[in-house]
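# Structural features, examined
Listed below are the residues making up each chain.
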Amino acid sequence: MRYGIAFRLKMLDNRIRRAMDARTRIHESGLTPQQTLVIRYLSEHDDRDVFQRDFETEFRITRATISNTLSLMEKRGLIRRESVEQDARLKKLTLTEQGRAVHARAVAAINEINDCLEGALTPEEKEALLRSLDKMENALNQRTEDGV
């Protein structure tokens, strides 16, 4: 039986999540895949203020989902929420020293999985896949904007 694109992408996403979870736990960070992405994003954007809405947009997730993730990370001492001078209600997010310490281990796991996936493709196949993924994402975005 041949499954459709959405089903196959979901199954691949599940497999990637399991692989990331196994590797981040093997590296003793204890991070979920979502937390790993948050730490990586904060580390890569440490030259500017980052807010919760940045994660909502970047990872295309709901406010409730990222709020829960950030709250757990704050309790674990991985991130800090700091008030912004111009609006005390607005909280910028920064990595703590503990968050920085687990960053290198978590990034190694992400890179390992990414290298595995990319290694299965020729450069041409990789470019074609990325173009195709962009097209599919744009099609879904268009349908969502149209209320479908």
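Residues numbered from 1 in each chain as written. Predicted model: local features only at pLDDT ≥ 70, side-chain atom pairs only at ≥ 80, totals over all residues. Heavy atoms only, no water.

Let us look at the environment of Ala 6. Mapping Ala 6 onto the fold places it in helix H1 (residues 5–26). Distance in space between the C-alpha atoms of Ala 6 and Met 136 is 9.7 Å, their sequence separation being 130 residues. (Helix = DSSP H or I, 4+ residues; strand = E, 2+ residues; numbered from the N terminus.)

Between the first and last C-alpha of helix H5 (residues 97–119) there are 33 Å, a value that for 23 residues agrees with the 33 Å anticipated at 1.5 Å per step. Where H5 bends most, at His 103, the angle is about 35°. Listed in full, the buried residues belonging to H5 are Gly 99, Val 102, His 103, Ala 106, Val 107, Ala 109, Ile 110 and Ile 113. (Expected span 1.5 Å × (residues − 1). Bend = angle between axes of the 7 residues up to and from the residue. Buried < 20%, exposed > 50% of the residue type's maximum accessible area, 1.4 Å probe, protein only.)

If charged atoms from side chains of opposite charge come close, those side chains can pair. What the rule picks out here adds up to twelve salt bridges. In this structure, Arg 89 engages Asp 87 in a salt bridge whose closest nitrogen and oxygen atoms are separated by 3.1 Å. A salt bridge links Glu 118 to Lys 126, with the nearest nitrogen and oxygen atoms 3.2 Å apart. One salt-bridge network, in which partners are shared between bridges, spans Asp 49, Arg 80, Glu 82 and Lys 92. (Salt bridge = Lys/Arg side-chain N within 4 Å of Asp/Glu carboxyl O.)

Bridge count between strand E1 (residues 79–84) and strand E2 (residues 87–95): six bridges; the pairing is antiparallel. Looking at E2, one finds that Ile 79 is bridged to Leu 95. Connecting E1 to the next strand, E2, in antiparallel fashion are two residues. (Pairing = 2+ DSSP bridges.)

So, about the nonpolar core. As a rule of thumb, nonpolar side chains are buried together in soluble globular proteins. Among the nonpolar cores identified, the biggest contains 16 residues, and Val 38, Ile 39, Leu 42, Phe 55, Leu 70 and Ile 79 are the most heavily contacted of them. Elements with a minimum of two residues in this core: helix H2 (33–44), helix H4 (63–75), E2 and H5. Here this core takes four residues from H2, the largest share from any one element. (Core = buried A, V, L, I, M, F, W, Y, C linked by side-chain atoms within 4.5 Å.)

Picture a little ball the size of a water molecule; that probe, rolled over the atoms, points out where space is still empty. Considered as a void within the structure, the largest pocket measures approximately 2,100 Å³ in volume. Lining the largest pocket are 39 residues, with Leu 9, Leu 12, Asp 13, Ile 16 and Leu 133 positioned closest to its centre. Only H1, H2, helix H3 (52–59), H5 and helix H6 (123–145) provide two or more residues apiece to the lining of the largest pocket. Among the elements that take part in the lining of the largest pocket, H6 stands out by supplying eleven residues, more than any other. (1 Å grid on protein atoms, 1.4 Å probe; cavity = no way out; pocket = protein on both sides within 12 Å on 5 of 7 lines; lining within 4 Å. Points joined across faces, edges and corners; volume = space filled by probe spheres on them.)

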